[in-house]
Amino acid sequence: MGQNQKLIKKGNMEPISKIPFHTDAPLKRFSMLSKKIIPDAHTHVAVHIVDANKNEMPEYTKIHKHNADEINLILSEDDKLTYEIQLDDKVHTVSSPSSVFIPKGTSHKAKAVSGKGTFVCIILSNNYTTTKG
Ligand SMILES: [Zn+2]
């Protein structure tokens, strides 16, 4: 234990449909870091555990933008996880391992299309706003 124990937190499983501009999808979403979890971290981190081989993925993100920079990490054990990431008006096919830097104000959406792995979403603020892209 000790004074730094408060810096270590369990992720909270939350339905993706709770997030603005997102609808339900067959994936596991964990809120890992937020102002509710550690206010001083000034960062928002969520993780999606996805298996797009087993589950047909619907369109679960609507195009949106933030007033803060966002980073997406696409990771898998076998390097076969593939996402479609839309940035402004262009859709990019992105395979693991990859990072996507999304500057504030850039319209974006993401969808797992095949493979199995982990999608990490980091927003470099814990007090950002999300608006229609
Ligand atoms: Zn976003």
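Residues numbered from 1 in each chain as written. Predicted model: local features only at pLDDT ≥ 70, side-chain atom pairs only at ≥ 80, totals over all residues.

A.B. asks: Where do I start with the overall build of the protein in this structure?
C.D. replies: Each helix and strand in the protein was counted, giving zero helices and eleven strands. Ordering the α and β elements of the protein from the N terminus gives β-β-β-β-β-β-β-β-β-β-β. In terms of overall size, the protein behaves like a compact globule, its C-alpha atoms giving a radius of gyration of 15 Å where 133 residues would be expected to give roughly 14 Å. Each of the three principal axes of the protein carries a C-alpha extent, and together these read 45 × 30 × 25 Å. Per-residue burial over the protein gives 19% buried out of 133 residues. Considering only intrachain contacts with a sequence separation of at least 6, the fraction spanning at least 24 residues in the protein is 66%. (Helix = DSSP H or I, 4+ residues; strand = E, 2+ residues; numbered from the N terminus. Rg over C-alpha atoms; globule rule 2.2 N^0.38 Å. Buried ≥ 20, exposed ≤ 12 C-beta atoms within 10 Å, placed from the backbone. Contact = placed C-beta atoms within 7 Å.)

A.B. asks: I would appreciate a short explanation of the sheet that holds strand β5 (residues 70–75) in the present structure.
C.D. replies: Through backbone hydrogen bonds, the strands of a sheet pair up, either in parallel or in antiparallel fashion. Read from one edge to the other, the open sheet built from six strands follows the order β1-β2-β3-β10-β5-β8, with strand pairing classed as antiparallel. Each edge of the sheet is formed by a strand with only one pairing partner; in this case those strands are β1 (12–13) and β8 (98–102). In the sheet, β5 pairs with β8 via five bridges, with the strands oriented antiparallel. In the strand pairing of β8, Glu 70 is matched with Ile 102. (Pairing = 2+ DSSP bridges.)

A.B. asks: Hey, could you run me through the pairing of strand β10 (residues 116–123) in this one?
C.D. replies: Within a regular strand, the side chains alternate between the two sheet faces. With eight bridges connecting them, strand β3 (residues 44–51) and β10 associate as antiparallel partners. Counterpart to Asp 51 in the pairing with β10 is Lys 116. Sheet topology note: the β5/β10 ladder contains six bridges and is antiparallel. Directly across from Glu 70, in β10, lies its bridge partner Ile 123.

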